[in-house]
Structures are given as structure tokens and as C-alpha cells.
Amino acid sequence: MTQHHDPVHPDSPHLSVELVADLEAGLLDDESAAHAQHHLDHCPPCTEILDALEQVSAGLAAVPAVALPPDVAHRLDEALADATGPATLAAPVSDTVVPLDAHRRRAGWSTRVVTAAASVAGILLLSAVGISLLSNGSGSDGTAAGADSAEGAGAEDGTTTLALDRYVTARSGRSYDEKRLVEQVDTLLVSSQTADTPSASSTPEATSGPSADPMVTARVNGSPTVFPAALVDPLVLRACVVDYLLRPDAAPLAADLGTYEGQPAAILVMPKLDDTDKAEVFVVDPDCSGPDATLLLYLVVTVPAELQP
Amino acid sequence: MSSADSTSDAQLLARHAAGDPDAFAVLVRRHRDRLWAVALRTMGDPDEAADALQDALLSAHRAAGGFRGEAAVTTWLHRVVVNACLDRLRRRAARPTVPLPEHDHAHPADPSDPLGRRELAMEIERALATIPVEQRAAIVLVDVQGYPVEEAAAILEIPVGTVKSRCARGRAKLVPLLAPLRNPDAAPDVGSDGRTAQDRRDPTPGGER
């Protein structure tokens, strides 16, 4: 079949290794593939190329598995133990904000239980003040955006808290899911930020406080379900933000109760410490019950342009 | 972290981003053998692979807050490791190539290996080191580690067709380097350039670069 010269190598009567490899990988168009296959069927030297390619593939596949050598494993463990935490938490926006990650890393996760107990006590002391603030309606600041850190400055022990009226939980009962989460969070942010007052129609019960009926209606696994959600209580939301998210410096840009992938969940959107154009989204237990609350998802989103400071 | 085994990768990463000091280590321990294999085969040198893997994991540790959940956590971890390897290889490519030393460390002797797979693995490592790094990375993921082409495409952030093409071109480059070593009598009579054996008397791998 030497009359069928490989167009890539017109001087050669044979197919190039590249062409055979492309044929084998299914990369040739129908006409070229048919031409090459026809040549292969009638040209023993080119069939050897195909055999050699198959040998190469078999050899690559036969490379034995390797496990991480113990010395390298040890070295990695040490390097990671010495590393500072993720940039989102390790980069305080001012010197007065406690570098949470540093002391947490040394002390370990369990100390968060102690911290939580201490700051919950602090919050309870403040609760009367908080409730009286609530009765006055929302604060004048309708844009609880990224400038919160200044107010949180001095949070040496996590008990410094922003006013309770900054901790507003909507209860849309919306069905959040991973595929649409970014746009759903955009919608939530826009509706939260444009709801200037807590009596805005989109979240009529949002700041009703601890005395309100702490129930949320949502479709759980397709069925209308009413589930209790402590996070409706601003005290609980604030405790969650301070003790679970470890963010005494800022109130949520938005918080909502609904479902995530069919399960009751809270969606908490926090300003990102080191980037005011971004927000961190935490999908957690609807009750955010302490340091062991389950974090279902974390991601960083870009705040819609119209809401950026 | 007592429930770590039942915690998903995404949950571990989220816990890490939220400040859990142990979560990232648990995540790494889950996947480090596979990540090591990719780094070792891509770098072809255990010391360089260890450096690249450490750089990559430290970078992932810092950057976890930027993980958006668009890909699986394992895909993202592989991407960080492969990129660290490619960066090192590209920097190294600016320097003259030196022959790779023997690495018994990476290939422990295996008396139950009468077919010489250990030697084959070493020859493949040597041969892989001579092909372009982008082709090498695709071949390591698809042909050596056995990841689906779609997964490799996600790791490398290139289209599936580009992965296939890089693998095909890389395999083609390996033919004259590898096939004669395995079975000298059956070596194809045609080189990668389509010329006959008489036209390419110098079979040294370095001469093919």
C-alpha cells in the first residue's frame, strides 16, 4: 500500500509513529482514520509501530504503585504542623484582631469548647441589652458589609460582640443546592442588603428575637416540613458566628434558614477578612449547636457588584 | 476529629478553612500516597518529588479558603501538586539536562518480580524524563496512574481532547525510547520521524530531544 503516503511525511512510505498514536487515541477525523487504518491493515512495518505503542501503554500501566516513603511522610507532617492556617483566617485586618488561628492551632480544636462556654456566658450577660436594642428595631446601618472589623477590634477573648440587631436570620425555607449555590447566595445577599429594615416583607419574622416561634417551614426531601431552628434567635446566631465561625469581628452579610441538598441547613454569609469584594459562605447545621456543628459546605463567592463597598 | 473517617473531603476542607487545626492533615493523609505517586512519576526524582509535594501541600493549606467547590477536593489537590511539579520542571528545563541517578529508594527490590517490572519502571521513569513536561503530566495521570481522561482534564484544566492529544504525542515519543529496551528483536523499524533504522543509527535517548 505504498501508494498511500502519509501526508505528514510525504517522503516516507510508512505512517509516522505520531499518526499511529493519534489513530489509536481516536484523534483522527474519519477520513484520515480510515486511510491510516487501511494502511495499517496492509503494512507489516506499520503494524509493528502499533504493537510498539501498545507495549508502551502496557509498560506505563505496569509501573508499580508506590507508597509515600516514611521519611517524606514525616517531613510533610512537620511542614504542615508548622504552617499557618488558611489565609482567610490567618490574615487579621488590624493588629487588634486576635490572630485566632495561631492560638487555636497550638491549643487544638477541643479548646474551642472552653472558649465557647466562656463567650456564651458573656453573651448571656449582654442579652438584656441586646433584646432592648432589638425592640428599637434595626440599627441605622443597613449595609452590614465588610467594614465590621473595626467594631470587632479588641475582641481579645471572643466576648466582644457586635450589637445583636446585626444578627438577622431570614427563614426563607429556600432549597439551596450545590449547583446553584453561588447564584442563590447572590439572591440572598441582595435581598438581605436591600431589606433596610427588619420589617421588610421578604423576612417578616427575621428579627423577632428569642420569644418568636423558632420554627422554619421548608421542603425537606420534597415534603413540607416544619423544623425547629435555634438560629432564628439572634443570640444563637451570634454565638454561632463568634464561637463556631470564630469571627467576633463581623456580623453576617446574610443568614438564612432553609434546606441544603434536601436537609435542613443554615446558610451564613460572612464578609471575607482580607478581601471586601468576597464573602465566605458556610452551610451548617440549622441550629449551629456549638463547636461540633456540622459544616456541610464552605466556599468563597464574589459579592454582587452593586453591594460592594 | 474522631469522626474523621466518615467526614467527606469537602467537609474536612471546610473545617480547615473555618480554623480546625487537624482537618487538613486528615485530608492529606487520605490522599498523600496517590499525590506522591503523581509527583514522583512526574518529577522522576524522589528528592525533587518530595520538595514539589511539600510546596504544593503548603500552598493548598494556605489557599483552601479559595476553594470554591467547583471540582472535587481530590481534583483540586492533584491540580496543586501537578502544577507545583510542572513549575519545577520548567525551571529545571532552563538548566542543562543531567542523567537521572538510580533511585533504589523509589523502587524497593522485589524478589517476586521475575518479569523485571522494577527494571521496566526505572526505564519508564528515565524515558518519561525525556519527553515534554506537559505530555509527561498527561501520561502520568492517564497511563501510569490510570485516571479517567476526564479527571486528568479537570486536574490539568485543559480540554479532554488536549489530554488525549498530549498522551498520544507522549506515547509516540516513548516508542523509540522504550520498545527496543523491552524487546530489542521486535523493535519497530520506523522511528518517530518515519525514517528507517538505517537513517537513525544513534539510539541514545538524549539524541531524541
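Because the structure is predicted, anything quoted here is derived from the model rather than measured. (Residues numbered from 1 in each chain as written. Chains lettered and ligands numbered in written order. Predicted model: local features only at pLDDT ≥ 70, side-chain atom pairs only at ≥ 80, totals over all residues. Heavy atoms only, no water.)

(A) Spatial organisation of the overall build of chain A. In terms of helices and strands, chain A carries ten helices and seven strands. Taking all 309 residues of chain A together, 49% fall into the buried category. Long-range contacts, defined as pairs at least 24 residues apart, comprise 63% of the intrachain contacts of chain A with a sequence gap of at least 6. Total accessible area computed for chain A in this model is approximately 13700 Å², and 56% of it derives from carbon and sulfur atoms. (Helix = DSSP H or I, 4+ residues; strand = E, 2+ residues; numbered from the N terminus. Buried < 20%, exposed > 50% of the residue type's maximum accessible area, 1.4 Å probe, protein only. Contact = heavy atoms within 4.5 Å. Areas by Shrake-Rupley, 256 points an atom, 1.4 Å probe, with all protein chains shown as cover.)

(B) Up close: the pairing of strand 5 (residues 263-272) of chain A. Residue and element names in this part refer to chain A. In terms of burial, strand 5 is largely enclosed, as eight of its ten residues are buried. Both strand 4 (residues 254-260) and strand 5 contribute to a ladder of seven bridges, which runs antiparallel. Bridged to A254 within strand 5 is V269. Where strand 4 folds back on strand 5, the antiparallel hairpin that results is connected by two residues, among which E261 adopts a positive phi of roughly 50 degrees. Pairing analysis gives seven bridges linking strand 5 to strand 6 (residues 275-284), with the strands arranged antiparallel. Across the sheet, residue V269 finds its bridge partner in strand 6, namely V281. Taken together, strand 5 and the strand that follows it, strand 6, pair antiparallel across an intervening segment of two residues. (Pairing = 2+ DSSP bridges.)

(C) Just the confidence of the model for chain A, in detail. Residues and elements named next belong to chain A. Per-residue pLDDT for chain A has a mean of 68; in total, 63% of the residues score no lower than 70. Counting interchain partners and residues more than four positions distant, the pLDDT-below-50 stretch residues 87-159 has 116 contacts. Across residues 196-212 the pLDDT falls below 50, and counting only partners more than four positions away or on other chains, this stretch makes 24 contacts in the model. (pLDDT = per-residue confidence, 0-100.)

(D) Structural detail: the packing of helix 1 (residues 17-24) of chain A against helix 3 (residues 44-61) of chain A. Residues and elements named next belong to chain A. The geometry of helix 1 relative to helix 3 is characterised by a closest axis approach of 10 Å and an angle of 65 degrees between their N-to-C directions. For the element pair helix 1 and helix 3, the recorded crossing hand is right-handed. Residue-level contacts link V17, V20, A21 and E24 of helix 1 to I49, L50, L53 and E54 of helix 3. Of the residues belonging to the contact of helix 1 with helix 3, the class tally is six nonpolar, no polar and two charged. (Axes fitted to C-alpha atoms, helices over the stretch in contact; angles between N-to-C directions. Left-handed = near helix turned anticlockwise from the far one by under 90°. Nonpolar A, V, L, I, M, F, W, Y, C, P; charged D, E, K, R; others polar.)

(E) Spotlight on the sheet that holds strand 7 (residues 295-302) of chain A. All names here are of chain A. Spatially, 1-4-5-6-7 is the arrangement adopted by the five strands of the open sheet, whose pairing is mixed. Taken across any chain shown, the strands that pair with only one partner, and hence form the sheet edges, are strand 1 (175-176) and strand 7. The sheet contacts of helix 9 (residues 181-194) involve strand 1, strand 4, strand 5, strand 6 and strand 7, and relative to strand 7 the element is tilted by about 70 degrees.

(F) Expanded view of the state of the cysteines. Overall, the coordinates contain zero disulfides over all chains when judged by the stated rule. No disulfide involves C43(A); its sulfur sits 3.6 Å from that of C46(A), the nearest cysteine. (Disulfide = S-S within 2.5 Å.)

(G) Here's a closer look at helix 7 (residues 149-156) of chain B. Residues and elements named next belong to chain B. Among the residues of helix 7, A152, A153, I155 and L156 are the ones counted as buried. The buried side chains of helix 7 occupy one side of the element, clustering within an arc of 160 degrees when seen end-on. One or two steps after helix 7, the chain reaches E157, where phi turns positive at roughly 55 degrees. (Arc of directions from axis to C-beta.)

(H) Looking closely at the pattern of salt bridges. Scanning the entire structure with this criterion turns up twelve salt bridges over all chains. Between R32(B) and D77(A) there is a salt bridge, with its nearest N and O atoms 3.2 Å apart. Taken as a pair, R32(B) in helix 2 (residues 23-43) and D77(A) in helix 4 (residues 70-82) lie in two separate chains rather than in one. Owing to a relative accessible area of 33%, D77(A) belongs among the partly exposed residues under this scheme. The shortest N-O distance in the salt bridge between E157(B) and R79(B) comes to 3.6 Å. Of this pair, E157(B) sits in the loop between helix 7 and helix 8 (160-182) while R79(B) sits in helix 4 (residues 73-93), placing them 78 residues apart in sequence. Exposure remark for E157(B): the relative accessible area of 55% places this residue in the exposed category. When salt bridges with common partners are traced through the structure, they connect D87(B), R90(B) and E134(B) into a single cluster. (Salt bridge = Lys/Arg side-chain N within 4 Å of Asp/Glu carboxyl O.)

(I) Up close: the environment of L53(B). Tracing the backbone shows L53(B) in helix 3 (residues 46-63). Taking the relative accessible area as the measure of exposure, L53(B) reaches 0% and is therefore buried. The residues contacting L53(B), other than those within four sequence positions of it, are L68(A), L76(A), L35(B), W36(B) and V81(B).

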